[in-house]
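Structural overview for review
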Amino acid sequence: MKKSLRVAIAGVGSCSSSLVQVASLARWSTTPLAGIMHERIGGYGMGDVEFVAAFDVDAGKVGLDLSKAILQSPVVADEHVTVETTGVQVEPGPLLDGLRGPLSEVVTVHPDSADLSPDVVRRRLVETGAEVLVCLLPTGSTEAVQAYARAAALAGAAFINATPEPVAHEPELVALFEERGVPLLGDDLRSHLGATTLHTALLELLHTRGLRVVNTYQLNVGGNTDFLNLADPARSAAKQKSKRRALSAAGIDASTVAAGPNGFVPFLGDHKVGFLRIEATSVLDSQLSLEIRMEVEDSPNAAGVLANAIRVAAAARDGGMAGVVDEVCAFLFKSPRRPATEPVGLGRFQEFVAALG
Ligand SMILES: NC(=O)c1ccc[n+]([C@@H]2O[C@H](COP(=O)([O-])OP(=O)(O)OC[C@H]3O[C@@H](n4cnc5c(N)ncnc54)[C@H](O)[C@@H]3O)[C@@H](O)[C@H]2O)c1
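Residue indices begin from 1 for each chain and proceed along its sequence in written order. Per-residue local features are limited, in this predicted model, to residues with pLDDT of at least 70; the limit for side-chain atom pairs, both in listing and counting, is 80 or more; totals at the level of whole chains, interfaces and linings are taken over all residues. The basis for every side-chain value is the complete set of non-hydrogen atoms in the structure, without hydrogens or water.

On to the overall build of the protein chain. Each helix is a run of DSSP H or I of at least 4 residues and each strand a run of E of at least 2, with the numbering of both proceeding from the N terminus. From N to C terminus, the protein chain includes eleven helices and twelve strands. Since a compact globule built from 357 residues should have a radius of gyration of about 21 Å, the 20 Å found for the protein chain is in line with a globular shape. Across its three principal directions, the C-alpha atoms of the protein chain cover 65 × 45 × 45 Å. The proportion of buried residues among the 357 residues of the protein chain is 55%. The globule rule used for comparison is 2.2 Å times the number of residues to the exponent 0.38, while the radius of gyration itself is calculated over C-alpha atoms. Relative accessibility decides the category of a residue: with a 1.4 Å probe and only protein chains considered, values under 20% of the type maximum give buried, values over 50% give exposed, and everything between is partly exposed.

Structure, rendered in structure tokens:
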């Protein structure tokens, strides 16, 4: 019998837009979807995902049906799929530090959000029977991200931290998830095939051949609100750290590596352009250098990973797992608690999924 998977979203921005579109497409598609690694995980197809609650603080989104809110400016994710009315209205969430910096200039805060208690989120998660809460708040919103994480743990909803703010790296929160018997996945979602994945895969390739990487950089520019937000150094600290962690896992001393985001270019919209350069020495100190320019649609790229993460989180919850699901985090996140190289992370993830049956 077809199961449904009840999902709540915190932050109805561009990544949420692509996620809701993927789930909608999966519902009526009769062929496997491009970019979706597993048709079923733990018995769930992406078409089984049912959105039951959505929180935002933007006065232009709160009160709209989720199908409309995901297209509301400043969202720039392309509309690839027409999403039918969901019956889920975006609700005000607690603002906390959600919109500090440049975002405060492009978003008008809903009046109910300013002083809202995070306990409202816990209550709504319980009322709606949400099994998984996906956190897609802006980077830099440490207080807000951690407040949603706490609400999820207390409500018994598995938590996916797509942001680089510390949740799986915060011992007090990890202990809370363990105590409450609730799974936690994080921190900082990888893109399905983005600059970090490509960069680390290339570095690992050079290492396997014994080459020495001398210099490398990864510069990224884009035009969505994630890039606008990250243009403020006070907001992007966790992202820079997270990108460096991912490079360290690939065996690079990342302390001196420039690893973006590096610029907000409005006309690019949801298109992200990444520039990679690697300089290395090989046999007899011969020189090798390579440069790659990679252009992707940013938000669908996140939705591909979320399609894995949501179903793993639900299956882990069904199986009574508590705390960080380390087996899958090295593959799905840039800042896992236990980092691994790409092949090792992928291997562990695939084993975990296979064991779910
Ligand atoms: N695009 C990718 O491929 C990718 C990959 C990895 C991680 N991420 C991370 O995912 C997160 C979301 O990215 P995005 O591009 O969707 O951002 P976005 O700016 O489009 O969306 C963020 C949303 O959160 C809302 N918000 C702000 N404070 C809030 C609060 N307190 N409660 C509820 N909602 C609040 C904003 O109004 C906005 O709608 C970011 O942290 C980003 O770094 C994205």
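Okay, the packing of helix α6 (residues 195–208) against helix α8 (residues 233–249) next. Note on method: axes are straight lines fitted to C-alpha atoms, helices fitted across the in-contact stretch only, with angles between N-to-C directions ranging 0 to 180 degrees. For the pair α6 and α8, interaxial distance at closest approach is 9 Å and the crossing angle is 25 degrees. As the angle between them shows, α6 and α8 are arranged roughly parallel. Between α6 and α8 the crossing geometry is right-handed. Contact residues: T196, H199, T200 and L203 in α6; K243, A246 and L247 in α8. For this scheme, ten residues count as nonpolar: Ala, Val, Leu, Ile, Met, Phe, Trp, Tyr, Cys and Pro. Four count as charged, namely Asp, Glu, Lys and Arg, and the remainder, Gly too, count as polar. Of the residues contributing to the contact of α6 with α8, the split by class is three nonpolar, three polar and one charged. Oblique is the label for any angle not under 35 degrees, not over 145, and not in the 65 to 115 range, which are roughly parallel, roughly antiparallel and roughly perpendicular in turn. Throughout, a crossing is termed right-handed when the near helix is turned clockwise from the far one, and left-handed when it is turned anticlockwise from it by less than a right angle. Contacts were defined at the residue level, with two residues in contact if any of their heavy atoms lie within 4.5 Å.

Let's shift gears to the site of the ligand. Whether a residue is near a molecule or strand is decided by its heavy atoms; if any one of them lies within 4 Å of it, the residue is near. Lining the immediate surroundings of the ligand are 30 residues, of which D56, K61, L137, Y148 and T225 lie closest. At 2.7 Å, a backbone N or O of L137 approaches an oxygen atom of the ligand. One nitrogen or oxygen atom from the side chain of D226 is found 3.1 Å from an oxygen atom belonging to the ligand. Per-residue accessibility takes into account occlusion by the displayed protein chains alone, with areas from the Shrake-Rupley method and a 1.4 Å probe. Look at the ligand: alone it shows 860 Å² of surface, and the protein chains cover 97% of it. Those elements giving two or more residues to the shell around the ligand turn out to be α1 (14–28), β2 (49–56), α4 (142–155), α7 (225–230) and α9 (298–318). Of the residues in the shell around the ligand, the class split is 15 nonpolar, eight polar and seven charged. Polar contact criterion, stated in full: a pair of N or O atoms within 3.5 Å, where within protein one must be able to donate a hydrogen and the other to accept it, and residues adjacent in sequence count only if both atoms are side-chain atoms.

Here the focus is the packing of helix α3 (residues 119–128) against α4. As a packed pair, α3 and α4 sit with axes 8 Å apart at the nearest point and diverge in direction by 40 degrees. In terms of their interaxial angle, α3 and α4 are classed as oblique. Judged by the twist between their axes, the crossing of α3 over α4 is right-handed. Contact residues: V121, R122, L125 and V126 in α3; Y148, A151, A152, L154 and A155 in α4.

One finds F159, I160 and L185 to be the most contacted residues of the largest nonpolar core, which totals 81 residues. Of all the elements, α9 adds the most residues to this core, at eleven residues. Those residues in contact with F159 that sit more than four places away from it in its chain are L133, C135, V145, Y148, A149, A152, V167, F177, P183, L184 and L185. To define a nonpolar core, start from buried Ala, Val, Leu, Ile, Met, Phe, Trp, Tyr and Cys residues and group those joined through side-chain atoms within 4.5 Å. L206, A254, L276 and I278 belong to the second largest nonpolar core, which has twelve residues in total.

A word on α4. Side chains that are three or four residues apart share a direction in an α-helix, a result of its 3.6 residues per turn. Counted at 1.5 Å a residue, the expected span for α4 with its 14 residues is 20 Å, and the 20 Å between its end C-alpha atoms agrees. Counting buried positions over the 14 residues of α4 gives ten, a clear majority of the element. Looking only at α4, the buried set comprises A144, V145, Q146, A147, Y148, A149, A151, A152, A153 and A155. Lining the buried residues of α4 we find β1 (5–10), β2, α3, β4 (132–135), β5 (158–161) and α5 (171–180). One or two steps after α4, the chain reaches G156, where phi turns positive at roughly 80 degrees. Expected span of a helix: the number of residues minus one, times 1.5 Å.

Moving on to the pattern of salt bridges. We define a salt bridge as a side-chain nitrogen of Lys or Arg found within 4 Å of a carboxyl oxygen belonging to Asp or Glu. What the rule picks out here adds up to 15 salt bridges. A salt bridge links R150 to E172; the shortest N-O distance between them is 3.6 Å. A residue pair is termed long-range when its members are at least 10 positions apart, and R150 in helix α4 and E172 in helix α5 qualify at 22 residues. Among the salt bridges present, the one from K272 reaches D298, with a minimum N-O distance of 3.9 Å. With K272 in strand β10 (residues 271–281) and D298 in helix α9, this residue pair connects regions lying 26 residues apart in the sequence. D298 carries the same exposure label as K272, and that label is buried. Sharing partners across several salt bridges, the network here consists of E91, R124 and E127.

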